[in-house]
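Next come the chains, spelled out residue by residue.
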Amino acid sequence: MSKFSGPGKAFCAAWILAGLVGSAFSQRPAPAIAGIVIGLYGLLAIKVVKQWEKVAVLRFGRYVKLQGPGMFWIVPVVDTLSAYVDQRIRVTSVSAESTLTRDTVPTNVDAIVFWLVWNAEKSLLEVADFENSILMSAQTALREAIGRHELSQMIADRETLGRELQRSLDEKTNPWGITVQSVEIRDVRIPQLLEDAMSREAQADRERRARIILGEAEMQVSAKFAEAAAVYRDNPVALHLRAMNMLYEAIKEKGAMVIVPSSAVETMGLGGLLATTSLAKNQ
């Protein structure tokens, strides 16, 4: 932030120019001296605070008031200004490296904290460096949260971890006039060897589930075959009808040739049926 404001510089330049012109016309140095003195006073006294900023005015080191936004005057030498406080939403990036989870897995976690100053007076008078305090508090809270969660929880439910961090940080920073709006977990990284082992474990688990599903399907198919066999055993006519349907399906295409073992023909009672079919074709 520039020490001198734009209006203060313009005010100073205008009075100095007016004083020089006055001295040139009057042939006396008094107008020039007066213009320089008034111009320097305006340069030091006129301050401008932007729409999203606040600043504290200190008179002989004692807090007087909070100013901003807009233009205002101070008493040079007597009054001093604190650092300008940006009251817009700000983003701070934090990270925790090689931090152990609850199940003793070393992880690197990156997060971003969205926060804003809602009370500039408290943040200026009660905290020496609130920006650095936010960063340190966020890093500490992130490490504590990692230690309370297992790796699977952190990977599967980042939003819950972010909300927990937001509540923890907000409790610390509210007395400073600062609100933590949200915390977002950006990345969770684990050692490469552990990542490869987890990948192999997941692949083995998927193969196990696939084999189980295939076995269950075989059991269901065999159960249906057993039910069908029981129906055909008690109803020979149904078995013959099924055999006729199978034969029809086999020979309905032109030029199709079906070779049926004699044992199958005898079992299904198709001997008479095949002979009848052959006679019908020869007539």
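J.: I'd like a rundown of helix 6 (residues 158-173), residues and numbers included.
T.: Residue pairs spaced three or four apart in an α-helix point in one direction, given the helix's 3.6 residues per turn. Here helix 6 spans 22 Å end to end across 16 residues, near enough to the 22 Å set by a 1.5 Å rise per residue. Within the span of helix 6, buried status applies to Leu161, Gly162, Glu164, Leu165, Gln166, Leu169, Asp170 and Thr173. In this structure, the buried side of helix 6 is in contact with strand 8 (106-117), helix 4 (130-148), helix 5 (151-156) and strand 9 (178-189).

J.: With reference to specific residues and values, describe the pattern of salt bridges.
T.: A complete count under the given rule lists 9 salt bridges for this structure. A salt bridge links Asp79 to Arg59, with the nearest nitrogen and oxygen atoms 2.6 Å apart. Remark: Arg59 occurs in strand 2 (residues 53-59) and Asp79 occurs in strand 5 (residues 79-81); sequence separation between them is 20 residues. Exposure remark for Asp79: the relative accessible area of 6% places this residue in the buried category. Here Asp205 ties to Arg208 by a salt bridge, and the two come within 2.6 Å at their closest N and O atoms. Placement of the pair is Asp205 and Arg208 together in helix 7 (residues 192-234), with a separation of 3 residues, close to one helical turn. Members of the salt-bridge network, linked through shared partners, are Asp110, Asp187 and Arg189.

J.: Describe the sheet that holds strand 9, naming the residues involved and giving the relevant values.
T.: Read across the open sheet, the 3 strands follow the order 7-8-9; overall the sheet is antiparallel. Looking at the sheet topology across the chains shown, the edges are occupied by strand 7 (90-100) and strand 9. Geometrically, the sheet is characterised by an average inter-axis angle of 25° between neighbouring strands, direction not taken into account. Taken together, the 9 bridges between strand 7 and strand 8 define a ladder with antiparallel strand orientation. In the strand pairing of strand 8, Arg90 is matched with Trp115. In the packing of helix 4 onto the sheet, contacts are made with strand 7, strand 8 and strand 9, and the angle to strand 7 comes to roughly 40°. Each of strand 8 and strand 9 touches helix 6; the most contacted strand, strand 9, lies at about 145° to it.

J.: Please provide a residue-by-residue account of the packing of helix 1 (residues 6-26) against helix 2 (residues 30-45), values included.
T.: Following both chains from N to C, one finds helix 1 and helix 2 inclined at 175°, their axes separated by 7 Å at the closest point. By the criterion of interaxial angle, the relationship of helix 1 to helix 2 is roughly antiparallel. Along the contact surface, helix 1 presents Gly8, Lys9, Phe11, Cys12, Trp15, Ile16, Gly19, Leu20, Gly22, Ser23 and Ser26, while helix 2 presents Pro31, Ala32, Gly35, Ile36, Ile38, Gly39, Leu40, Gly42 and Leu43.

J.: Provide a residue-level description of a nonpolar patch on the surface, including the pertinent values.
T.: Where nonpolar side chains cluster on the molecular surface, the patch consists of Tyr41, Val48, Met71 and Trp73 and spans about 410 Å² of accessible area. Secondary-structure assignment places Met71 in strand 4 (residues 70-73). By relative accessible area, which is 52% here, Met71 ends up exposed.

The rules we used
Residues numbered from 1 in each chain as written. Predicted model: local features only at pLDDT ≥ 70, side-chain atom pairs only at ≥ 80, totals over all residues. Heavy atoms only, no water. Helix = DSSP H or I, 4+ residues; strand = E, 2+ residues; numbered from the N terminus. Expected span 1.5 Å × (residues − 1). Buried < 20%, exposed > 50% of the residue type's maximum accessible area, 1.4 Å probe, protein only. Contact = heavy atoms within 4.5 Å. Salt bridge = Lys/Arg side-chain N within 4 Å of Asp/Glu carboxyl O. Pairing = 2+ DSSP bridges. Axes fitted to C-alpha atoms, helices over the stretch in contact; angles between N-to-C directions. Parallel < 35°, antiparallel > 145°, perpendicular 65-115°, else oblique. Patch = residues over 30% accessible without salt bridge, like charges linked within 9 Å, V, L, I, M, F, W, Y side chains within 5 Å. Areas by Shrake-Rupley, 256 points an atom, 1.4 Å probe, with all protein chains shown as cover.

Function cannot be read off these values alone, since they describe shape.
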